[in-house]
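# Observations on the model geometry
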Amino acid sequence: MTEFELIYQTFLVQSDMAKGFQAASNLANIERSIGDDGAVITPAVGQKLVICTDTMVQGRHFAGDWESVERLAFEIGYKSVAVNLSDLAAMGATPHSILLAIALPERLATFAIESENWLANFAKGLFFACDTANVALIGGDTTRSDNLVITVTAQGFAQKCVYRNTAQVGDDIYVSGTLGDANYALLFPETDIGKSLVHRLNMPTPRLSLGQNLVGIATAMIDVSDGLVQDVGHILSQSSLKGSLNGAILGINLDLDSLPTSEPLSQVAIAERLQCQLAGGDDYELLFTVPKGTVLPNFNVRVTKIGEITSDKAVKLFYQNQEVTEQNPFPFVSFPNLAGWSHF
């Protein structure tokens, strides 16, 4: 199969797997999509264009063995889009379209409408994620590679965005959903609890409506992809950098008792559970700050206050109203490693 046959047969084929593209391509402001040298979008007046990109590499961001890659074709297609939608959610943007660049090993680069092969199932997962957010695939690129590499670039629009660099001392810190489920499923896939949580790892839910509803309410926001402490650290560093002219270097008091926990993960020993929640990553929940005492409306998704922004220039953990330190690490045996996921 040539590159162009792969593009047209996989992503423009008139079949059930492409119905999401056919519906989304009716968006009025897409002038030109797949089939030309570039896609052409006409933005609405007064809209900001928000762009993000994520690369997923076999053996780094998902399993390296071929049995797992072939078995999880649908999930890999879905997640490659979902992680980008989560970034748009963290900006308060409404998703619009995606570009897909994929480097395919020869064993995966086959397509037939009538067969349940890898590329067909990957496309089904990708379009399923697109359908959930009314997103169009408008272009991309393909090439051959020894390992599977997927890059999705997502575009969205917003009249106003929420950034990482606008948190203030005294702000309350909230997070959506529950934390630690995906990391536990990654670390312990063969356990009953791990199996019950694997959907949180492979099929994360981008909090799009929540992100849009937080525009004008949240002072800063980020999605939790690389670990709670690591990602809240990005808010602290960016907000401190913005406020550095005034000498504002920010910290956080984090209440471990308040971390939102799913029922399956609540059965795990507390130190192990907290480690997953603090540093695990792959949650794709929204972490946001609001002015102290803000009464939040009902967002139809769980949001939990987990701490506050301080001027202490440090991340401090509290459990049962006691600070967790090197000298007093309880409920841990020793002070936990708070480093999140590293892409290198």
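Residues numbered from 1 in each chain as written. Predicted model: local features only at pLDDT ≥ 70, side-chain atom pairs only at ≥ 80, totals over all residues. Heavy atoms only, no water.

### Quick word on the overall build of the protein
When its secondary structure is counted, the protein shows 10 helices and 13 strands. Counting the 344 residues in the protein, one finds 51% classified as buried. Pairs at least 24 residues apart make up 82% of the contacts formed inside the protein by residues separated by at least 6 positions. Entry remark: accessible area of the protein is about 15,700 Å², with carbon and sulfur atoms responsible for 51%. (Helix = DSSP H or I, 4+ residues; strand = E, 2+ residues; numbered from the N terminus. Buried < 20%, exposed > 50% of the residue type's maximum accessible area, 1.4 Å probe, protein only. Contact = heavy atoms within 4.5 Å. Areas by Shrake-Rupley, 256 points an atom, 1.4 Å probe, with all protein chains shown as cover.)

### Thoughts on the layout of surface pockets
In this model, the largest pocket occupies a volume close to 980 Å³. Forming the boundary of the largest pocket are 40 residues, of which His61, Phe62, Lys79, Leu201 and Asp282 lie nearest the centre. At the level of secondary structure, the elements contributing two or more residues to the lining of the largest pocket comprise strand S3 (48-57), helix H3 (66-71), helix H4 (73-91), helix H6 (181-187), helix H7 (192-202), strand S8 (220-224) and helix H9 (228-242). The residue inventory of the lining of the largest pocket, partitioned by class, reads 15 nonpolar, 13 polar and 12 charged. (1 Å grid on protein atoms, 1.4 Å probe; cavity = no way out; pocket = protein on both sides within 12 Å on 5 of 7 lines; lining within 4 Å. Points joined across faces, edges and corners; volume = space filled by probe spheres on them. Nonpolar A, V, L, I, M, F, W, Y, C, P; charged D, E, K, R; others polar.)

### Quick look at the pattern of salt bridges
Note that side chains of opposite charge can pair when their charged atoms are close. For the structure on display, the rule yields 10 salt bridges. Glu285 serves as the salt-bridge partner of Arg200, at 3.3 Å between the closest nitrogen and oxygen. Residue Arg200 is located in helix H7, and its partner Glu285 is located in strand S10 (residues 285-290); the two are separated by 85 residues in the primary sequence. Judged by relative accessible area, Glu285 falls into the buried class, the value being 0%. Here Lys292 ties to Glu308 by a salt bridge, and the two come within 3.6 Å at their closest N and O atoms. Of this pair, Lys292 sits in the loop between S10 and strand S11 (303-310) while Glu308 sits in strand S11, and the two are 16 residues apart along the sequence. Looking at Lys292, the relative accessible area reads 57%, which means it is exposed. The structure contains a network of salt bridges with shared partners spanning Asp181, Arg200, Arg207 and Glu285. (Salt bridge = Lys/Arg side-chain N within 4 Å of Asp/Glu carboxyl O.)

### Notes on the nonpolar core
Soluble, globular proteins show a tendency: their nonpolar side chains are buried together. Core analysis: the biggest nonpolar cluster contains 52 residues, and Ile98, Trp118, Leu126, Leu148 and Ile150 have the highest contact counts within it. For this core, the elements supplying multiple residues, two or more each, are S3, H4, strand S4 (94-104), helix H5 (118-133), strand S6 (149-158), helix H8 (208-213) and S10. The contact partners of Ile98, leaving out residues within four places of it in the chain, are Val81, Leu126, Cys130, Val135, Ala136, Leu137, Ile138, Gly139, Val152, Thr153, Ala154 and Gln155. (Core = buried A, V, L, I, M, F, W, Y, C linked by side-chain atoms within 4.5 Å.)

### Concerning the environment of Ile30
Residue position: Ile30 is located in strand S1 (residues 30-32). The spacing of Ile30 and Val40 is 10 residues in sequence and 6.1 Å in space, taken between C-alpha atoms.

### What to know about the sheet that holds strand S7 (residues 172-176)
Spatial strand order, S8-S10-S7-S11-S9-S12-S13: 7 strands in an open sheet with mixed pairing. Looking at which strands have only one partner, the edges of the open sheet turn out to be S8 and strand S13 (322-324). Across the sheet, the mean angle from the axis of one strand to that of its neighbour is 30°, orientation sign disregarded. Relative to S10, S8 runs antiparallel, the two being bridged by 5 bridges. Paired with Ile222 across the bridge in S10 is Leu287. (Pairing = 2+ DSSP bridges. Axes fitted to C-alpha atoms, helices over the stretch in contact; angles between N-to-C directions.)

By themselves, these observations are geometric and do not establish any function.
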